[in-house]
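# Fold and contact review
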Amino acid sequence: MILELQDINKSFGRKQVLNGLSFQAESGNAFGLLGRNGAGKTTSIRILMNVFPADSGQVLIDGRPIDYKKTQIGYLPEERGLYPKKLIIDQLVYFAELKGIGHKDAVKSVDYWLERLGMSEYRNKRLDTLSKGNQQKIQLITALAHNPDIIILDEPFSGLDPVNAMLLKDVVKEQIAQNKIVLFSSHQMNYIEEFCSNIAILNSGRAVLHGNLHDIKRNYVRDRLIVRTEYPEKIIADFGENCTRGENCTLFIQLTAPEEKKSIMKQLAAAYDIDELSVFEPSLNDIFVEYTHDTADKEDRS
């Protein structure tokens, strides 16, 4: 299944929020939707979910306009919206039924997810008796209990401790393995890099960069090496101004041309006591800053 937002435009009054936004995501993969606050992420998600229509453009599934009666969407919002005074089981079943599941199946699905997330003991508790992290897991169940085709996770790791973050990672991997489309919207770049094979970076309401993350990184000039060593002084002395210090016994060596990397790497490995040697690639955080640090349009490099 291929989900595509095609040339989406949306204005609120005189303010144009989305300006010809286009990107696509495929089932069996996680897709990262990135951008600074106000870039248009929330508006694009709401249009995708049919909360309100676009002024122009289309949301497509496999090249055809999406049929919301046939395509189920699960959504974990950044701002949580459950009822703090209600019993957990009652509201989870209620939300599942709103998605078209019969009562018996809704209870069965909710109980499965409560057990899967280690929350069965809270089944008949009020939501406001839970910690913030456990409330987050309950909110996640509302996005998954109806077995959606498309799962949208907006800052899903917010408030989770490392153990619960690992549990959520496992759940996300399971959903991807089940051939779902998983769409991440997050400012936590480490999670995007871990899960997402494809990304779109939004700026001023359009995708200024989109495509396969590995290919995007490979398109950058590969003319720097990363060296990790406990004995950096001799390397610094030999390479002079082309060698700079980083953190944690890391050195960066600037090459005069990318074609030098094999010969220089061979030279380094043979002459020095080196723990790790690799070609420098920008992190997703570096790329994000480059494409969103101002409001000027960037050339689409995809």
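What counts, and where the lines are drawn
Residues numbered from 1 in each chain as written. Predicted model: local features only at pLDDT ≥ 70, side-chain atom pairs only at ≥ 80, totals over all residues. Heavy atoms only, no water. Pairing = 2+ DSSP bridges. Helix = DSSP H or I, 4+ residues; strand = E, 2+ residues; numbered from the N terminus. Axes fitted to C-alpha atoms, helices over the stretch in contact; angles between N-to-C directions. Contact = heavy atoms within 4.5 Å. Parallel < 35°, antiparallel > 145°, perpendicular 65-115°, else oblique. Salt bridge = Lys/Arg side-chain N within 4 Å of Asp/Glu carboxyl O. Buried < 20%, exposed > 50% of the residue type's maximum accessible area, 1.4 Å probe, protein only. Polar contact = N/O pair within 3.5 Å; in protein donor to acceptor, adjacent residues only side chain to side chain. pLDDT = per-residue confidence, 0-100.

Our focus in this paragraph is the sheet that holds strand β3 (residues 29-35). If you trace the six strands from one edge of the open sheet to the other, you get β6-β7-β8-β3-β9-β10, paired in mixed fashion. Looking at which strands have only one partner, the edges of the open sheet turn out to be β6 (73-76) and β10 (206-212). Pairwise comparison of adjacent strand axes, ignoring direction, gives a mean angle of 15 degrees for this sheet. Sheet topology places strand β9 (residues 196-203) next to β10; six bridges connect them, and they run antiparallel. The residue of β10 that forms the bridge with A200 is H210. Across the sheet, helix α1 (residues 41-48) touches β3, β6, β7 (150-154), β8 (181-185) and β9, and the angle it forms with β3 is around 135 degrees. Here helix α10 (residues 284-292) sits on the sheet and contacts β3, β9 and β10; the angle it forms with β9, its principal contact strand, is near 25 degrees.

Once that is clear, we can look at the packing of helix α4 (residues 132-144) against helix α5 (residues 162-177). It is the contact of α4 with α5, at a shortest axis distance of 11 Å, that shows an interaxial angle of 10 degrees. In terms of orientation, α4 lies roughly parallel with respect to α5. Residues N134, K137, L140 and L144 of α4 pack against N164, L167, L168, V171 and Q175 of α5.

The next subject is the pattern of salt bridges. Side chains that differ in sign of charge can pair as their charged atoms come close. A full pass over the atoms with the stated rule returns eleven salt bridges. Put simply, D55 and K10 hold a salt bridge, and the shortest N to O gap is 3.6 Å. Of this pair, D55 sits in the loop between α1 and β4 (56-61) while K10 sits in strand β1 (residues 2-12), placing them 45 residues apart in sequence. For D55, a relative accessible area of 47% translates into the label partly exposed. We classify K10 as buried; its relative accessible area is 9%. Between E281 and R222 there is a salt bridge, and its shortest N-O distance comes to 2.8 Å. Placement of E281 in the loop between β14 (276-279) and α10 and of R222 in the loop between α7 (213-218) and β11 (224-228) is noted, with a sequence separation of 59 residues between them. One salt-bridge network, held together by shared partners, links K85, R126 and D128.

This brings us to unusual backbone geometry. We note that N147 has phi near 55 degrees; this positive angle belongs to a residue other than glycine. Structurally, the position occupied by N147 is in the loop between α4 and β7. Of note, N179 is a non-glycine position whose phi angle comes to about 70 degrees, a positive value. Within the element layout of this structure, N179 appears in the loop between α5 and β8. Taking the relative accessible area as the measure of exposure, N179 reaches 49% and is therefore partly exposed.

Here we take up the side chain of K10. In this structure the side chain of K10 is engaged in a polar contact, spanning 2.9 Å, whose partner is the backbone oxygen of P53. Residues in contact with K10, not counting those within four places in the same chain, are K15, Q16, V17, L18, T43, I47, F52, P53, A54 and D55.

On to the confidence of the model for the protein. On average, residues of the protein carry a pLDDT of 90, and 97% of them reach 70 or more. For the protein, per-element mean pLDDT is lowest for helix α6 (residues 189-195), which scores 88, and highest for helix α3 (residues 103-116), which scores 97. Predicted confidence for residues 295-302 stays below pLDDT 50, and this span has 25 contacts to residues more than four positions away or in other chains.

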